[in-house]
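# Secondary and tertiary structure notes
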Amino acid sequence: MDEDGLTASGNNASTSGVDPIVRLENWKDTVGKNYVDIEDDNGDVLRYRKHANGRGLVAHGAKVAASARIEAGAYVEPNARVLDGATISAGAWIEPGAVIGAGAFIDANAHIGPEAAVGAKAKIGVRSFIGRGAQIAGGSLIGNDEKILDGERIATDRRGFHLAA
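Summary of the structure given here. Since this is a predicted model, take the numbers as computed values, not measurements.

Before going further, it helps to spend a moment on the sheet that holds strand β17 (residues 141-142). Taken in spatial order, the five strands line up as β5-β8-β11-β14-β17 in an open sheet, and their pairing is parallel. Looking at which strands have only one partner, the edges of the open sheet turn out to be β5 (69-70) and β17. As defined by bridge partners, β5 adjoins strand β8 (residues 87-88) across two bridges and the pair is classed as parallel. Bridging across to β8, I70 finds its partner in I88.

Here it is, written out as structure tokens:
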């Protein structure tokens, strides 16, 4: 025991008296791993790492800028790209091959389909669905609960009104 009446912890420490606050031999129980393995519908196991900025899950093969924010509960699939300053909110899903432009904001539970492109500083609303290969122009606003069809090309003003093609 030390002068405060606490027992030192560690392999050579005495365990008599006051219980140790932290036991060094149990350190593995308190340190979390930075990846998660998830099995897909085909039975293949995909490894996701936790992004340093937000702790969202990024699959092996995806490219995510360090300045992008991937919130916990968001998924970025293989071969997807998320550029500088983009935000992917909790529950959002970025499918393989999708590209999220610099400064874009993908709101909660939005779904960006495979090979879709979201331009720089575009905003995708809550629970919106962007179809396969769809293209959203930079600065566009897609409101909440909207569905953009496969291959559709959309440009809006800052209020969300669709512009003529």
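Turning our eyes to something else, we now look at the pattern of salt bridges. Tallied over the entire structure, the rule returns five salt bridges. A salt bridge links D37 to R47, with the shortest nitrogen-to-oxygen separation between them at 2.8 Å. Of this pair, D37 sits in strand β1 (residues 35-39) while R47 is found in strand β2 (residues 45-50), placing the two residues ten residues apart along the sequence. Take R47: its relative accessible area is 43%, and that puts it in the partly exposed class. The salt bridge involving R69 is made with E71; its shortest N-O contact spans 3.8 Å.

So, on to the packing of aromatic side chains. Tallying each qualifying case throughout the model produces one aromatic pair. Each ring, one from Y48 and one from Y75, has its centre 5.7 Å from the other, and the planes form 85°; the classification is edge-to-face. With Y48 in strand β2 and Y75 in strand β6 (residues 75-76), this pair connects stretches of sequence that are 27 residues apart. A residue is classified by how much of its surface remains accessible, and Y75, at 30% relative accessible area, is partly exposed.

Okay, the environment of V58 next. Relative to the assigned elements, V58 resides in strand β3 (residues 57-59). Exposure remark for V58: the relative accessible area of 0% places this residue in the buried category. Linking V58 and V36, residues 22 residues apart in sequence, is a C-alpha distance of 9.6 Å.

The rules behind each value
Residues numbered from 1 in each chain as written. Predicted model: local features only at pLDDT ≥ 70, side-chain atom pairs only at ≥ 80, totals over all residues. Heavy atoms only, no water. Pairing = 2+ DSSP bridges. Helix = DSSP H or I, 4+ residues; strand = E, 2+ residues; numbered from the N terminus. Salt bridge = Lys/Arg side-chain N within 4 Å of Asp/Glu carboxyl O. Buried < 20%, exposed > 50% of the residue type's maximum accessible area, 1.4 Å probe, protein only. Phe/Tyr/Trp six-rings, centres within 6.5 Å; stacked < 30°, edge-to-face > 60°.

Purely geometric numbers; function is a separate question.
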